Amino acid sequence: MLAPKLQQFLKLHDESEASHGIKNSLGDSFLYRHNYIFKNIRDCFFKLGFTFTDKDFCHYTVMPYASLKSILKEKKVPYFDNVTVLKEIEQQYPRKFNCHDIVKVKPNYILHESSHCIVESFLKDLQLSTNQLSTESQKAFKLVMAEAFANTVESLANLPNDTVEKRLFFELNSYAIHTKKVNQNIQQTYDLLGPTLIFHLVYVSYLFSNCLFPEPNTKVYQTILELLIPDVSVRKKAFDSQAVRKTFNHAFELSQDFRIQTTSFYLAYSGINGDLFKVLQVDIVELMKKTLFIQNLLKYFDFLFIQKNQ
Ligand SMILES: [Zn+2]
């Protein structure tokens, strides 16, 4: 099959223009129209009063990890204009370049940052008051809850990308790009569990991985399923399914070194002191048994993962 031409993609981009989409972020409006998770996140983002800007007011280009505080404070998410340059190229060399060349432009991570904005609306007033966690651990775990949410949104937003065009545009708008195999597992998990239980499962997997734990053993995994899946027969099917287990384990595929490096910087930058591993030594299963902090967050955001009737 011939690789699609840049011209075709720019045409698709232009034709998709949507009032909630960003004109100069490649594929943004297209994904808004064709990816229901992307759309749900965007609609909620605007409802909460956030906006976008092409002005880098928070060193986003140089160090995005240090930008989040400013983003939340200003209620603005920066993005790069990655359309104008491609249009100039296309005008200069009509039909010369194909889609592989598009991948070389700077992507926008609006989906990830918007998810942070949305989850913050829930977390900002949340007191993780439990005698299970030290004050430092409470602060750290709130950051983990936020990051896990952004990771989950990006991961599950791979699901609706069932064409070359959707995948290519998604690659320009997300950190989490799945291989075909990973997407197949997620699809099977979705078919078995439905839109909200898969959200719960993937979210909890990212809580574990962002607390820098290794993959839970079978016993812990079984307890997690017991806590998340009320229906006994569905739970049994989930427990027996390789696809569900692989979907859960996907969160642990990111290199441990990378996770340690980014997490340790981010926690220190957020004013959290102490030994990283100690601060993140949160017994997530116990927390779910004794409190409803995690379950409440899941319930609160279920609607973002459900496809509304057109
Ligand atoms: Zn993040």
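Overview of the structure. (Residues numbered from 1 in each chain as written. Predicted model: local features only at pLDDT ≥ 70, side-chain atom pairs only at ≥ 80, totals over all residues.)

### Details of the overall build of the chain
No. 1: Assigned secondary structure in the chain consists of 17 helices and 2 strands.
No. 2: For the chain, the C-alpha radius of gyration of 20 Å lies close to 19 Å, the compact-globule estimate for 310 residues.
No. 3: Oriented by its inertia axes, the alpha-carbon framework of the chain measures out at about 65 × 45 × 35 Å.
No. 4: When each of the 310 residues of the chain is scored for burial, the buried share is 36%.
No. 5: The contacts of the chain with a sequence gap of at least 6 include a subset with a gap of at least 24, amounting to 74%. (Helix = DSSP H or I, 4+ residues; strand = E, 2+ residues; numbered from the N terminus. Rg over C-alpha atoms; globule rule 2.2 N^0.38 Å. Buried ≥ 20, exposed ≤ 12 C-beta atoms within 10 Å, placed from the backbone. Contact = placed C-beta atoms within 7 Å.)

### Thoughts on the packing of helix α1 (residues 6-15) against helix α5 (residues 84-92)
Packed helices, taken two at a time, are described by the angle their axes make and the gap between the axes.
No. 1: Relative to each other, α1 and α5 sit at 135 degrees, their axes nearing to 10 Å. On the basis of their axis angle, the class for α1 and α5 is oblique. The handedness of the crossing between α1 and α5 comes out as left-handed. Contacts between α1 and α5 involve Leu 6, Gln 7 and Leu 10 on the former and, on the latter, Leu 86, Lys 87 and Glu 90.
No. 2: By residue class, the composition of the contact of α1 with α5 is 3 nonpolar, 1 polar and 2 charged. (Axes fitted to C-alpha atoms, helices over the stretch in contact; angles between N-to-C directions. Parallel < 35°, antiparallel > 145°, perpendicular 65-115°, else oblique. Left-handed = near helix turned anticlockwise from the far one by under 90°. Nonpolar A, V, L, I, M, F, W, Y, C, P; charged D, E, K, R; others polar.)

### Some points on the environment of Tyr 203
No. 1: Structurally, the position occupied by Tyr 203 is in helix α10 (residues 180-210).
No. 2: When the C-alpha atoms of Tyr 203 and Ile 89 are compared, they prove to be 41 Å apart, with 114 residues separating the residues in sequence.
No. 3: Apart from the residues within four sequence positions on either side, Tyr 203 is in contact with Ala 148, Phe 149, Thr 152 and Leu 298.

### Overview of the nonpolar core
No. 1: Membership of the largest hydrophobic core comes to 77 residues, with the highest contact counts inside it found for Ile 37, Ile 41, Phe 149, Val 153, Leu 156, Tyr 203 and Leu 207.
No. 2: Counting residues per element, this core draws most heavily on α10, which supplies 12 residues.
No. 3: Dropping the residues within four chain positions of it, Leu 156 is found in contact with Ile 37, Ile 198, Phe 199, Val 202 and Phe 305. (Core = buried A, V, L, I, M, F, W, Y, C linked by C-beta atoms within 7 Å.)

### With respect to unusual backbone geometry
No. 1: With a phi close to 60 degrees, His 59 is a non-glycine residue in the positive phi region.
No. 2: Residue position: His 59 is located in the loop between β1 (51-53) and α4 (68-74).
No. 3: In the Ramachandran plot, Leu 212 falls in the positive-phi region, its phi being about 65 degrees despite a non-glycine side chain.
No. 4: What makes Leu 212 partly exposed here is the crowd of 16 C-beta atoms within 10 Å.

### Let's talk about helix α14 (residues 256-269)
No. 1: With 14 residues, α14 ought to run about 20 Å at 1.5 Å a step, and its terminal C-alpha atoms sit 20 Å apart, in line with that.
No. 2: Just beyond α14, the residue with positive phi is Gly 271, at close to 85 degrees. (Expected span 1.5 Å × (residues − 1).)

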